[in-house]
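Coordinate analysis (summary)
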Amino acid sequence: MKKVLVTLLTALCLLTTILSGCGKQSENKSESKIKIGVSAYDMYDTFLGQLVELFQSFQNEDVEIVVYNAAQSQQTQNSQVRKMIEDGMDVICVNLVDRTDPTAVIDAARKADVPVIFFNRELVEGDIGRWDKLFYIGADAEQSGVMEGELAAWACITNKELDRNGDGMIQFVVLEGEAGHQDAIVRTEASINTMKKQGIEIDKLGYAIANWNRAQAQTKATQFIEDYGDDIELVLSNNDDMALGAIDAYEAMAIPRNKWPAILGIDGTDVGLEAVKDDKMVGTVYNDKEGQATAMFELACVLAKGGSIDELSDKYTIENERYIRLPYAKVTSSNIIQFIGR
Ligand code: GAL
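Conventions used here
Residues numbered from 1 in each chain as written. Predicted model: local features only at pLDDT ≥ 70, side-chain atom pairs only at ≥ 80, totals over all residues. Heavy atoms only, no water. Helix = DSSP H or I, 4+ residues; strand = E, 2+ residues; numbered from the N terminus. Buried < 20%, exposed > 50% of the residue type's maximum accessible area, 1.4 Å probe, protein only. Contact = heavy atoms within 4.5 Å. Areas by Shrake-Rupley, 256 points an atom, 1.4 Å probe, with all protein chains shown as cover. Lys, Arg positive; Asp, Glu negative; His and termini not counted. Charge placed at Lys NZ, Arg CZ, Asp CG, Glu CD. Salt bridge = Lys/Arg side-chain N within 4 Å of Asp/Glu carboxyl O. Pairing = 2+ DSSP bridges. Domains from an automatic or database assignment. Buried area = accessible area lost by both parts, 1.4 Å probe. Polar contact = N/O pair within 3.5 Å; in protein donor to acceptor, adjacent residues only side chain to side chain. Nonpolar A, V, L, I, M, F, W, Y, C, P; charged D, E, K, R; others polar.

What follows covers the overall build of the protein chain. What the protein chain contains, in helices and strands, is eleven helices and 13 strands. When the backbone C-alpha atoms are referred to their principal axes, the protein chain occupies close to 100 × 50 × 35 Å. Burial analysis of the protein chain (342 residues in total) assigns 51% to the buried set. Relative to all contacts within the protein chain whose residues are 6 or more apart in sequence, the contacts with residues 24 or more apart total 71%. Carbon and sulfur atoms make up 52% of the accessible area of the protein chain, which totals about 16200 Å². Looking at the protein chain, you have 33 positive and 54 negative side-chain charges, and the mean spots of the two groups are 7 Å apart.

Let's shift gears to the pattern of salt bridges. When charged atoms on two side chains of opposite charge get close, those side chains can pair. This structure, assessed with the given rule, holds 15 salt bridges. In this structure, Glu150 and Lys330 form a salt bridge, with 2.6 Å as the shortest nitrogen-oxygen distance. In this pair, Glu150 is assigned in helix α6 (residues 141–158) and Lys330 in strand β13 (residues 329–331), connecting sequence segments 180 residues apart. A salt bridge links Asp248 to Arg214; the nearest nitrogen and oxygen atoms lie 2.7 Å apart. Residue Asp248 is located in helix α9 (residues 240–252), and its partner Arg214 is located in helix α8 (residues 214–228); the two are separated by 34 residues in the primary sequence.

Across the two faces of strand β8 (residues 234–237) the burial is the same, with Leu234 and Leu236 and Val235 and Ser237 all buried. Two strands pair when backbone bridges link them, and strand β6 (residues 170–176) and β8 are joined in this way by four bridges, in the parallel orientation. Residue pairing across strands places Val174 opposite Leu236, the latter belonging to β8. Bridge analysis of β8 against strand β9 (residues 262–264) gives three bridges, and the strand direction is parallel. Looking across to β9, one finds that Val235 is bridged to Ile263.

Now for the domain arrangement of the protein chain. Entries for the protein chain in the domain assignment read domain 1 (34–139 + 288–327) and domain 2 (142–286). The gap between the C-alpha centroids of domain 1 and domain 2 is 31 Å. Counting from both sides, the interface comprises 14 residues of domain 1 and, opposite them, 14 residues of domain 2. Counting the surface lost from both domain 1 and domain 2, the interface buries some 1100 Å², and carbon and sulfur atoms represent 36% of this. Its largest share of buried area at the contact with domain 2, domain 1 owes to Thr46, Phe47 and Arg99, together 35% of the area lost on that side. Linking Glu178 and Arg121 is a salt bridge whose minimum nitrogen-to-oxygen distance equals 2.8 Å. At the boundary of domain 1 with domain 2, the tally comes to eight residue pairs in polar contact (both at pLDDT 80 or more). Elements with a contribution of two residues or more to the side of domain 1 that touches domain 2: α2 (46–56) and α11 (289–304). The element contributing the most residues to the side of domain 1 that touches domain 2 is α2, with three residues. Of the residues contributing to the side of domain 1 that touches domain 2, the split by class is four nonpolar, three polar and seven charged.

Trans is the common state for peptide bonds, and a negative phi is the common state for residues other than glycine. Non-glycine residue Gln72 carries a positive phi angle of around 65°. Looking at the element boundaries, Gln72 is found in the loop between β2 (63–69) and α3 (74–86). Since its relative accessible area comes to 49%, Gln72 is described here as partly exposed. Positive phi values are uncommon outside glycine, yet Asn120 reaches one of about 65°. Checked against the element boundaries, Asn120 lands in the loop between β4 (116–119) and α5 (125–128).

Printed below as a string of structure tokens:
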């Protein structure tokens, strides 16, 4: 009996020790709040602004998130990174202004041993290999182009009236994002190639760079309409904001809806989805900002605690120990309900 009592007491003591240990651990954890710093290339970019705001909304009592806007200046971003390091951020998330120029960011972070998660603007492979605490979260640019091409092909096949001049070919124009951005050139090429593969005869009238921007796209689209008028049967845009700029151009020129070409975008921003719902845009490709923000938050928390990206391998496909890419999805009026208000 005595022996049983002693064993029970010992077990009780052990349990108390474990429980008090856990309490202490969580006390320590709350003392050492995780600090995540973010520098965005331009908070006025519609998609990017929504992505970063979403990320910031994950801030909670254990995690502090500080956001900086680099306002399209790499120099400004470099100083923001230095400031974040001085302020003791555990991890920094960088949406590079110039994706070919991450040297100052990498050097500063490496010197201070602060991991960096790059996002949305993909640095070149050679750069990410420069230190083992550099990561990238984004999406596969080619996949978005293929999906946009599939949507465009589907629009041409299901609506023969798109070929207004009946020449058996679809005359189209392209609105492109920034020169040198992975989501510009790759999306354009992939969407055009996909249309061809699906048997659509196409005829490119022109292309213009509008830097992801709605107002710039309106100016460029107005020029296209002046130059080619009714000949334009399709507008392929590298993102929703520029597709909306084309819509603005048609509306400002008071061209009736039944005379518009098919207009397609990529992103599924709130305004983009609205345009699909209102039947102004034929479709868009959803750029999963919720998935990207969540993956970035989870990875930042793991890295802040000294963990490894492998801890997320149950949930995400991790490429080369460094990359997490979230899949795109096609959006048309028939499935839009799944995307609005995500
Ligand atoms: C793209 C997005 C664009 C723009 C750009 C900024 O992925 O489709 O709308 O936000 O990123 O880097």
